[in-house]
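What follows is the residue order along each chain.
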Amino acid sequence: MNHSRFFRRFAGLVLAGWLVITGSAEAQSASTGQRDVLREITDVVGLKPRFQLRATSEVQNAAAVVYGGQRYLLYNPRFVAAVNRAGRTDWAGISILAHEMGHHLNGHTLRAGGSNPADELEADEFSGFVLRKMGASMAEAQAGMAVVSDDEASPTHPGRSTRLTAISDGWLRANQQIVATSRTAAPSATPAVLANRTTAPVRTVAATSAAPVSVLGKITFRDNPHEDYYLTNRLSVVRFDAGAQTAQVVGRLTRSESVNYPYVLVDGRQRRLYVSRTGSIFDTNGRQVASLSDPS
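Predicted model, so just to flag it, every value in this text is computed and none were measured. (Residues numbered from 1 in each chain as written. Predicted model: local features only at pLDDT ≥ 70, side-chain atom pairs only at ≥ 80, totals over all residues. Heavy atoms only, no water.)

Here's the deal with the sheet that holds strand E2 (residues 62-67)
Phase 1 of the analysis: Ordered by their spatial adjacency, three strands build an open sheet running E1-E3-E2, and the pairing between neighbours is mixed. The sheet is open, and its two borders are formed by strand E1 (52-55) and E2, each paired with just one other strand. When strand polarity is set aside, the average angle formed by the axes of neighbouring strands in this sheet is 25°.
Phase 2 of the analysis: With six bridges connecting them, E2 and strand E3 (residues 70-75) associate as antiparallel partners. Residue Ala63 lies in a different strand from E3, and its bridge partner there is Leu74. (Pairing = 2+ DSSP bridges. Helix = DSSP H or I, 4+ residues; strand = E, 2+ residues; numbered from the N terminus. Axes fitted to C-alpha atoms, helices over the stretch in contact; angles between N-to-C directions.)

Structure representation (structure tokens):
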């Protein structure tokens, strides 16, 4: 979390490869039997724990990296223990891990380069959001960053007060959701009744409501450039069969909190692709696999 992490992603990437190859005893899972923190964090945001949490003394503090298509959270146990002691709460160390996971989920590890203030603030806000969902107070959510961050901003990291504000913003956003939920009756838990589906031409699909479905963009995959995929005004991704004149919904576009990757494309198997502001589409390894363009 300090200036020495300017090359955090490059160094962490090399280290992740070393851990996988050597199988070092220090590269162990950090769900220590007392708490499965990784699962707790992913549970509150509704995700599967598709991360590898590795403890190692080869990193100074903590880092989020991608190696061989796998997302890793690397951390130094002594560092986390020291943060917990200084912050006088175990939430301090948990906030560090949540911060690093925020780098993964906001797409920061999909691009080259080291730390930058915008990415750090997004990860800070995510950690505040997650810790409130897990039951931490605002002070507990801020305890870790209050200990490890610098007073003044640097080219790679914001100053302490700015970072604590970002954590507060995330905590308050989660708190508003929790309060709003507690004030309303729980929605029905009755499952949906499945009916036979019928497909319709992509450009003439009629909605059950007043507004028809229209096409906003065309998605072209590099590995399959001759198959037609379209983005509708409902942010559904449909595959168009020109011969049968039918369309099948295969995914959906959702908003993300990332500045550089404002949209995430999720298919029916919950696989994710990240859409940049220019329309380039990347997989979780940072490889461009498709592009979004005007349908004309």
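After that view, the rundown keeps rolling.
Some remarks on the environment of Ala143
Phase 1 of the analysis: When you line up the elements, Ala143 lands in helix H6 (residues 138-148).
Phase 2 of the analysis: Judged by relative accessible area, which is 10%, Ala143 ranks as buried.
Phase 3 of the analysis: Sequence separation between Ala143 and Gly87 is 56 residues, and the spatial gap between their C-alpha atoms is 5.2 Å.
Phase 4 of the analysis: Each residue touching Ala143, except ones within four places of it in the same chain, is listed here: Gly87, Thr89 and Ala92. (Buried < 20%, exposed > 50% of the residue type's maximum accessible area, 1.4 Å probe, protein only. Contact = heavy atoms within 4.5 Å.)

Considerations on helix H7 (residues 160-183)
Phase 1 of the analysis: In this model, H7 (24 residues) spans 35 Å end to end at C-alpha, consistent with the 34 Å of a helix rising 1.5 Å per residue.
Phase 2 of the analysis: Inspection of H7 places Arg163, Leu164, Ala166, Ile167, Ser168, Gly170, Trp171, Ala174 and Asn175 among the buried residues, and these make up the whole buried set.
Phase 3 of the analysis: Where H7 is buried, its residues touch helix H4 (91-105), helix H5 (117-134) and H6. (Expected span 1.5 Å × (residues − 1).)

Let's talk about the side chain of Ser95
Phase 1 of the analysis: Tracing the chain through its elements places Ser95 in helix H4.
Phase 2 of the analysis: In this structure Ser95 comes out as buried when scored by relative accessible area, which is 4%.

Here we look at the packing of H6 against H7
Phase 1 of the analysis: The geometry of H6 relative to H7 is characterised by a closest axis approach of 10 Å and an angle of 155° between their N-to-C directions. By the angle class used here, H6 and H7 are roughly antiparallel. For the element pair H6 and H7, the recorded crossing hand is right-handed. Between H6, through Met138, Ala141, Gln142, Met145, Ala146 and Val147, and H7, the contact on the second element is made entirely by Arg160, Arg163, Leu164, Ile167, Ser168, Trp171 and Leu172. (Parallel < 35°, antiparallel > 145°, perpendicular 65-115°, else oblique. Left-handed = near helix turned anticlockwise from the far one by under 90°.)

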